[in-house]
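# Secondary and tertiary structure notes
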Amino acid sequence: MNLKNIFFMTMMLLVTIPAIGFCFDVTAHVDKTRISKDDSIFLKVEVNGGKADLDLSMVKDFKVISRGSSSSYNYINGKSERKATYQYVLIPLSKGELKIPAIKATRKGQTAFTRQIVIHVSDQVVNSGDVKALFARAEMTNTHLFAGEQAVYTLKFYTSKRLSGLGFENPPEFNGLSSKAFEKEKTYTQNINGILYHVTQVNYIIIPANPGIFNIDPAVLIANVMVKSKRDSRFDSFFNDSFFSSNSFKSIRVVSNPIKIEVSLVPPYQGKGKFSGLVGRFDIEGKMDKTSLKAGESTTFTIKIFGSGNIMDASLPEIDLDIDAFKVYDDNPIETIHMTQTGYEGFKVFKKAIVPVHPGKYVIKPVTLIYFDVDKKVYQRVSTDQIQLDVAPSEEMHLAARSLTGSSNRSLTGPSDKSVVKQEVSLVNKDILEIKEGFAVLKDYKEIEPFFFLLLLSIPAILFSGVKLFIMVTKKELSVEKVMEEKARYHLKQARKMDAKDKGFLGHLYSSLVALILAKGKRKGETVTIKEAQTILIDANVDDTQIDRITHLLETIESVRFGGKKIDGNKAKQLLSKTKQMMKLLCLAIVCLGMFSFVPQKAMANSTATFIDGIKDYKAGHFKQAAKLFETVAKTPVKNPYLFYNIANAYLKANDIGQAILWYERAKILAPNDPDLNFNLAYANTLVKDKKEDAMNIMDVLFFWDKLIPAKIIQVTAIFFSFLFFIWAAIKIVKKQKVFSGTGIILCSIFVLVTAITCVNYYKRSAQLFAVIVQEEIAVRSGVTDTSTKLFSLHAGTKVSVEEQRDGYLKIVFSKGKVGWVKIKEAVII
């Protein structure tokens, strides 16, 4: 072999070896080549050699929907193989002979193409000569809807083969639509062109909220189909026994057809009355449990709205009642809603207790419901019947009037010859509890700094010498205002000692609130009417908002007390709590003097004004603005759990879950056992998308007091026992007695224990940090750069622990095995 040939072979080898090392190929497969115009196909692109960039921009005849990718690695006979698989659903845009052109794949600078695939699309769904063994169909009861109108989306899977399992790879997605799946799927058989199919049917109720065109993309199901073995047929009689059967199952993907929905707004209502917002088919009926009664007795007016459609949005229509002739008390509505093959059906019941004030004959006018009829495509008006009330005079009415003006040992109950049917109390809706409006929200709950805590703890004797043991108060005749305030406190104290079932409980609450109102007017008395209370409070320059709250509370206590209703423990606690709050508000001058004596008066005035503005914005529905105003107050030296609670409430109402949970958690540090706070925090956590299993933490068991007692109370308790112990020790030393004996040992033990708990709390605050995700969705990465690998995603409101801070990033731990870095602005430390 001459040198020329050797050189040529060497060059060819050098050129060929890299091509062999980096070459790859790409292939495309479809599950079918003949479909109807309402059908879709499943496209799978396989890249042998590893992941590549695919260019599907040349696919013009189909709508392309990505369904994810996967990769695999095999090592066989000393050779390694890598394969990447990309999956797509293709929806035809027209009929005829459509083409999937060659798909370009690029990998490490090299390019490869798939072959072209031709798809035949026709009008016919199933040809008699080409019956499918497996297919899926999606249907809608109506594809032209009005906003608020319901329809049923049905997905059916047909099979004539034996299956071992069926499930969704990609369930249907109803983007922009409200959807609810039926709890149970239906299974039945259907004969199509002489072939018996087993059908599995899944239904969803769809309700669009906004107008527009919505596309429900195809669902992808995976079915495991039995594949018969290729064994010699002579042995079938023996091996066909289930014990010896070697049949295997093959996974097959089945794709449903897409559906397009057109949603229009209901036409504007221009008639008389108010549109209820209900869209569907509805009716209304009303009845009174008794139409002949005496003045002061109560009757129940029941209104029932029923039908099919968005019944859950039904609210009580306007009732035309003379407020001077009747007292009206609302009850919680009761609803029963179930899902049918045509959508939601059910009813809502609203009840009002009506008490006629004066005798006479009255007419309860018909109550009208206006809804949009989806069948007739017009607004419909339905009304209740007119009701006649015959009210006779009664001596009991006068007794009731005297009771309402303050008689604490009488109660009025209307005669009844009917037994009361008890029913279970259940939640009909979920929402957070209201914000705190009293000026106690501006009280500073800030914990004691470690330096000052140790200082107070170490020098109790010095501080003790500066404390006055007795304060001499010269006796003087108390003013009317002071007498009534003391009376209010006495009745409130008596109510706190009683159970809700005790007869005197509501009487003491009523007397306490009346005494407070009379104190503001510097008047003595036992009772006031609502109008008198308003006049007294207006003359005393009480804020209009507070007047409304006080009179509403007074009216509520009256209605419960004289309406004959029984209250449970929770309702009693609420009334007691609100009465206590009213006492603080009406004694505002004294309370504010005690609370804010160490706060600069100008700063406190600004905080108070800002706080009041925040309350007004919250009540007006400007929740985001209210949250910002409350946060402005929080930036002052005032650290108060109820201020943080208000900030969280405002953010939650503004649909900012992350900020809401952040401020709830901050409030919980200062008030861990507040029931309103814990209720609202639990509700907010139900809105968080990221769920993790609650694992028992040994630290939570050892330091259980963190969730029961605020840290400041523990700190103050430690300082108190420090004073108590050292005073005891000083007395014993003066008397030349042993310090550590009996009581001394107990006091010293309590002092040491509480001090140790406080020190542990300080350590935990500094060593163990938590944060809350405040953005809608964030990427948790492997490092502190934007190019670091994305490990997993977290959503707003998720609470995580913080391990480290570096370069504007936090190293967070979500759960076991889920650790990574996030930006500081994405997760805020509690």
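Rules and cut-offs
Residues numbered from 1 in each chain as written. Predicted model: local features only at pLDDT ≥ 70, side-chain atom pairs only at ≥ 80, totals over all residues. Heavy atoms only, no water. Core = buried A, V, L, I, M, F, W, Y, C linked by side-chain atoms within 4.5 Å. Buried < 20%, exposed > 50% of the residue type's maximum accessible area, 1.4 Å probe, protein only. Helix = DSSP H or I, 4+ residues; strand = E, 2+ residues; numbered from the N terminus. Contact = heavy atoms within 4.5 Å. pLDDT = per-residue confidence, 0-100. Axes fitted to C-alpha atoms, helices over the stretch in contact; angles between N-to-C directions. Parallel < 35°, antiparallel > 145°, perpendicular 65-115°, else oblique. Left-handed = near helix turned anticlockwise from the far one by under 90°. Nonpolar A, V, L, I, M, F, W, Y, C, P; charged D, E, K, R; others polar. Expected span 1.5 Å × (residues − 1). Salt bridge = Lys/Arg side-chain N within 4 Å of Asp/Glu carboxyl O. Phe/Tyr/Trp six-rings, centres within 6.5 Å; stacked < 30°, edge-to-face > 60°. Lys NZ or Arg CZ within 6 Å of the ring centre and 35° of its normal. Pairing = 2+ DSSP bridges. Patch = residues over 30% accessible without salt bridge, like charges linked within 9 Å, V, L, I, M, F, W, Y side chains within 5 Å. Areas by Shrake-Rupley, 256 points an atom, 1.4 Å probe, with all protein chains shown as cover. Polar contact = N/O pair within 3.5 Å; in protein donor to acceptor, adjacent residues only side chain to side chain.

### Description of the nonpolar core
In terms of nonpolar packing, the biggest core is built from 34 residues, with Leu-509, Leu-513, Ile-517, Leu-554 and Ile-567 touching the most fellow members. At the level of secondary structure, the elements contributing two or more residues to this core comprise helix 6 (480-497), helix 7 (504-520), helix 8 (530-539), helix 9 (544-562) and helix 10 (569-586). Here this core takes 11 residues from helix 7, the largest share from any one element. Beyond its immediate stretch of four places on either side in the chain, Ile-567 contacts Ala-500, Phe-505, Leu-506, Val-560, Ala-572 and Leu-575.

### Focus: the confidence of the model for the protein chain
Overall, the prediction assigns the protein chain a mean pLDDT of 79, with 79% of residues at 70 or greater. With pLDDT under 50 throughout, residues 13-22 is counted as low confidence; its partners more than four residues away or in other chains account for two contacts. Predicted confidence for residues 589-601 stays below pLDDT 50, and this span has 12 contacts to residues more than four positions away or in other chains.

### What to know about the packing of helix 6 against helix 7
As a packed pair, helix 6 and helix 7 sit with axes 8 Å apart at the nearest point and diverge in direction by 160°. When the axis of helix 6 is compared with that of helix 7, the two are roughly antiparallel. Helix 6 and helix 7 meet at a crossing whose hand is left-handed. Between helix 6, through Glu-481, Met-484, Glu-485, Lys-487, Ala-488, His-491, Leu-492, Gln-494 and Ala-495, and helix 7, the contact on the second element is made entirely by Phe-505, His-508, Leu-509, Ser-511, Ser-512, Ala-515, Leu-516, Leu-518 and Ala-519. Class assignment for the residues of the contact of helix 6 with helix 7 results in 10 nonpolar, five polar and three charged.

### Structural notes on the packing of helix 13 (residues 623-634) against helix 14 (residues 641-653)
The angle between the axes and the distance between the axes are what describe a pair of packed helices. In the contact formed by helix 13 and helix 14, the axes pass within 8 Å of each other and the chain directions differ by 160°. Taken together, the axes of helix 13 and helix 14 lie roughly antiparallel to each other. Where helix 13 crosses over helix 14, the two elements pack in a sense that is left-handed. Contact residues: Phe-623, Lys-624, Ala-626, Ala-627, Lys-628, Phe-630, Glu-631, Val-633 and Ala-634 in helix 13; Leu-643, Phe-644, Asn-646, Ile-647, Ala-650, Tyr-651 and Lys-653 in helix 14. In terms of residue class, the contact of helix 13 with helix 14 is built from 11 nonpolar, one polar and four charged.

### So, helix 6
In a regular helix each residue adds 1.5 Å, so 18 residues correspond to 26 Å; helix 6 covers 26 Å between its end C-alpha atoms and thus fits that length. By the burial criterion, the buried members of helix 6 are Met-484, Glu-485, Ala-488, His-491, Leu-492, Gln-494 and Ala-495.

### Details of the pattern of salt bridges
Within this structure, the stated rule accounts for 14 salt bridges. One salt bridge in this structure joins Asp-390 and Lys-361, with 3.6 Å as the shortest N-O distance. In this pair, Asp-390 is assigned in strand 31 (residues 387-392) and Lys-361 in strand 28 (residues 360-364), connecting sequence segments 29 residues apart. Judged by its relative accessible area of 36%, Asp-390 falls in the partly exposed class. Residue Lys-361 is classed as exposed on the basis of its relative accessible area, which comes to 68%. A salt bridge links Lys-624 to Asp-656, with the nearest nitrogen and oxygen atoms 3.2 Å apart. Taken as a pair, Lys-624 in helix 13 and Asp-656 in the loop between helix 14 and helix 15 (657-670) lie far apart in primary sequence, 32 residues in all.

### Details of the packing of aromatic side chains
A full pass over the atoms with the stated rule returns 20 aromatic pairs. Aromatic pair Tyr-158 and Tyr-197: ring centres 6.2 Å apart, planes at 85°, arrangement edge-to-face. Of this pair, Tyr-158 sits in strand 13 (residues 151-159) while Tyr-197 sits in strand 17 (residues 195-208), placing them 39 residues apart in sequence. Judged by relative accessible area, Tyr-158 falls into the buried class, the value being 6%. Of the residues examined, Tyr-197 reaches a relative accessible area of 0% and is grouped as buried. Arranged with centres 6.2 Å apart and planes meeting at 10°, the rings of Phe-725 and Phe-751 form a pair that is stacked. With Phe-725 in helix 18 (residues 711-734) and Phe-751 in helix 19 (residues 743-767), this residue pair connects regions lying 26 residues apart in the sequence. There is no split in this pair, since Phe-725 and Phe-751 are both buried. Members of the aromatic cluster, connected to one another through ring pairs, are Phe-146, Tyr-269, Phe-275, Phe-372 and Tyr-379. The positively charged end of Lys-304 is found above the aromatic ring belonging to Phe-306, 5.8 Å away from the centroid.

### Some details on the sheet that holds strand 6 (residues 79-92)
The four strands lie next to each other as 1-3-6-5, forming an open sheet whose pairing is antiparallel. The open sheet terminates on both sides in strands that have one partner only, identified here as strand 1 (25-30) and strand 5 (62-76). Strand-to-strand twist of the sheet, defined as the mean angle between neighbouring strand axes without regard to direction, takes the value 20°. Note: strand 5 against strand 6, 13 bridges, orientation antiparallel. Across the sheet, the residue bridging to Val-64 is Leu-90, located in strand 6.

### Let's talk about the sheet that holds strand 21 (residues 259-264)
Ordered in space as 12-21-18, the three strands form an open sheet in which the pairing is mixed. Edge positions in the open sheet fall to strand 12 (144-146) and strand 18 (212-216), since each of these has one partner strand only. Between one strand axis and the next, the sheet turns through 30° on average, direction left out of account.

### Points about unusual backbone geometry
Positive phi, close to 55°, is recorded for Asn-193, a residue that is not glycine. We note that Asp-807 has phi near 50°; this positive angle belongs to a residue other than glycine. In this structure, Asp-807 sits in the loop between strand 35 (799-806) and strand 36 (809-815).

### Quick look at the pairing of strand 17
Counting buried positions along strand 17 gives 11 out of 14 residues, so the element sits mostly inside the fold. In this structure, strand 13 lies alongside strand 17, joined through nine bridges in antiparallel fashion. From the neighbouring strand, Leu-155 faces strand 17, where its bridge partner is Val-202. By the bridge criterion, seven bridges tie strand 16 (residues 186-192) to strand 17 in an arrangement that is antiparallel. Opposite Lys-186, over in strand 17, you have Gln-201 as the bridge partner. Counting the residues that bridge the hairpin from strand 16 to strand 17 gives two residues, and of these Asn-193 lies at a positive phi of roughly 55°.

### Observations regarding the pairing of strand 31
With burial as the criterion, only one face of strand 31 is covered, namely that bearing Ile-387, Leu-389 and Val-391; the residues Gln-388, Asp-390 and Ala-392 on the opposite face remain uncovered. Note: strand 23 (residues 292-294) against strand 31, three bridges, orientation parallel. Among the inter-strand pairings, Leu-293 is bridged to a residue of strand 31, identified as Val-391. In terms of strand pairing, strand 28 meets strand 31 through five bridges, oriented antiparallel. Looking across to strand 31, one finds that Tyr-362 is bridged to Leu-389.

### What to know about a nonpolar patch on the surface
Residues Phe-451, Phe-452 and Leu-455 make up a contiguous nonpolar surface patch of about 320 Å² in total accessible area. When you line up the elements, Phe-452 lands in helix 4 (residues 450-458). Here Phe-452 falls in the partly exposed class, since its relative accessible area comes to 47%.

### Looking at helix 14
Counted at 1.5 Å a residue, the expected span for helix 14 with its 13 residues is 18 Å, and the 18 Å between its end C-alpha atoms agrees. Burial analysis of helix 14 places 11 of its 13 residues in the buried class, the great majority of the element. Where helix 14 begins, one side-chain oxygen reaches toward the backbone nitrogen of Tyr-642, 2.7 Å away; that side chain belongs to Asn-640. Once helix 14 finishes, Asn-655 follows within two positions and takes phi at roughly 65°, a positive value.

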